[in-house]
Amino acid sequence: MVKTTKKSFHTGTVKKIIKIKASKDKVWKKISNIVGLPLWLVDVEKTVYLSKKKKGVGAIRLITFSDGNEIEEHVVAWRDGEYFTYIATEGLPLRVYVATISMKVLAKNLIELTWQSYLNSKKMSETEFLDFIVFLGSFYEASLENLKILLEKQH
């Protein structure tokens, strides 16, 4: 008997939180530089603007990963010093990818950073999707850890 792996669309969310000992301004400056990703995002080779706009709604970036994969992202919501939301339009095995990076001040030099996303896959098996969710979660975690180290050593 041949076991078939039914391929369908899957929906999931990923959410990772990290506490960073740095000022609100310093953290915001780093995360709101939407092409500054090679400094802290895992496996990113370069990030460039595809828009004249550099911040806020309508800013567009193209991320190139070390494996050559490219992802185009558009900022769709922005509140200075608090959060921004972006969508990926190309480069992922997904139909929908919406992510928000937000920060909350816990104390004078203690920021809680949350990176969360909603995704809906292209047709794939449940195993493939769960593997992707796990991959994305560990990618977020490792990248946030890099960001924390970067920001905390700049004191």
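The shown structure was predicted, so the numbers you read here are calculated from the model rather than taken from an experiment.

(A) Examining the overall build of the protein more closely. Looking only at helices and strands, the protein has 2 helices and 7 strands in total. The order of α-helices and β-strands along the protein, N terminus first, is β-α-β-β-β-β-β-β-α. Its C-alpha radius of gyration of 17 Å places the protein within 12% of the 15 Å reference for a compact globule of 155 residues. Projected onto its principal axes, the C-alpha positions of the protein cover 60 × 35 × 25 Å. Of all 155 residues assigned to the protein, the portion counted as buried reaches 45%. The long-range share in the protein, meaning contacts at least 24 apart out of those at least 6 apart in sequence, stands at 52%. As displayed, the protein offers around 8800 Å² of accessible surface, 55% of which is attributable to carbon and sulfur atoms.

(B) Highlighting the nonpolar core. Core analysis: the biggest nonpolar cluster contains 42 residues, and Y97, L113, W115 and L119 have the highest contact counts within it. Per element, the largest residue contribution to this core is 10 residues, and it comes from helix α2 (residues 126-152). Once residues within four sequence positions are removed from consideration, L119 is found in contact with H10, T11, G12, V14, L94, V96, Y97, F129, F132, I133 and L136.

(C) Region of the structure containing the pairing of strand β7 (residues 110-121). Burial runs high along β7: 9 of the 12 residues are buried. Two strands pair when backbone bridges link them, and strand β1 (residues 11-20) and β7 are joined in this way by 10 bridges, in the antiparallel orientation. Directly across from I18, in β7, lies its bridge partner L113. The pairing of strand β6 (residues 94-107) with β7 spans 12 bridges and is antiparallel. Bridge pairing in β7 links V105 to I111. Where β6 folds back onto β7 in an antiparallel hairpin, the turn is made up of 2 residues.

(D) Highlighting unusual backbone geometry. Positive phi values are uncommon outside glycine, yet D43 reaches one of about 65°. Checked against the element boundaries, D43 lands in the loop between α1 (24-31) and β2 (44-49).

(E) How the structure looks around the environment of L37. Turning to its location among the elements, L37 is positioned in the loop between α1 and β2. Distance from L37 to S143, taken between C-alpha atoms, is 9.3 Å for residues 106 residues apart in sequence. With sequence-adjacent residues up to four places away left out, L37 is seen in contact with V44, T47, R61 and I63.

(F) How the structure looks around the sheet that holds β6. Pairing is antiparallel in the open sheet, where 7 strands are placed in the order β1-β7-β6-β5-β4-β3-β2. Edge positions in the open sheet fall to β1 and β2, since each of these has one partner strand only. Here the average twist between neighbouring strands, direction ignored, is 20°. Direction of pairing for strand β3 (residues 60-65) relative to strand β4 (residues 70-79): antiparallel, over a ladder of 5 bridges.

(G) Representation of the packing of aromatic side chains. Under the counting rule described, the total for this entry stands at 12 aromatic pairs. Aromatic ring contacts, followed pair by pair, group W40, F65, W115, F132, F135, F139 and Y140 into a single cluster. Here the basic side chain of K54 rests over the ring of Y49, its NZ or CZ set 4.5 Å away from the ring centre.

Here is what the cut-offs are and how they apply
- Residues numbered from 1 in each chain as written.
- Predicted model: local features only at pLDDT ≥ 70, side-chain atom pairs only at ≥ 80, totals over all residues.
- Heavy atoms only, no water.
- Helix = DSSP H or I, 4+ residues; strand = E, 2+ residues; numbered from the N terminus.
- Rg over C-alpha atoms; globule rule 2.2 N^0.38 Å.
- Buried < 20%, exposed > 50% of the residue type's maximum accessible area, 1.4 Å probe, protein only.
- Contact = heavy atoms within 4.5 Å.
- Areas by Shrake-Rupley, 256 points an atom, 1.4 Å probe, with all protein chains shown as cover.
- Core = buried A, V, L, I, M, F, W, Y, C linked by side-chain atoms within 4.5 Å.
- Pairing = 2+ DSSP bridges.
- Axes fitted to C-alpha atoms, helices over the stretch in contact; angles between N-to-C directions.
- Phe/Tyr/Trp six-rings, centres within 6.5 Å; stacked < 30°, edge-to-face > 60°.
- Lys NZ or Arg CZ within 6 Å of the ring centre and 35° of its normal.

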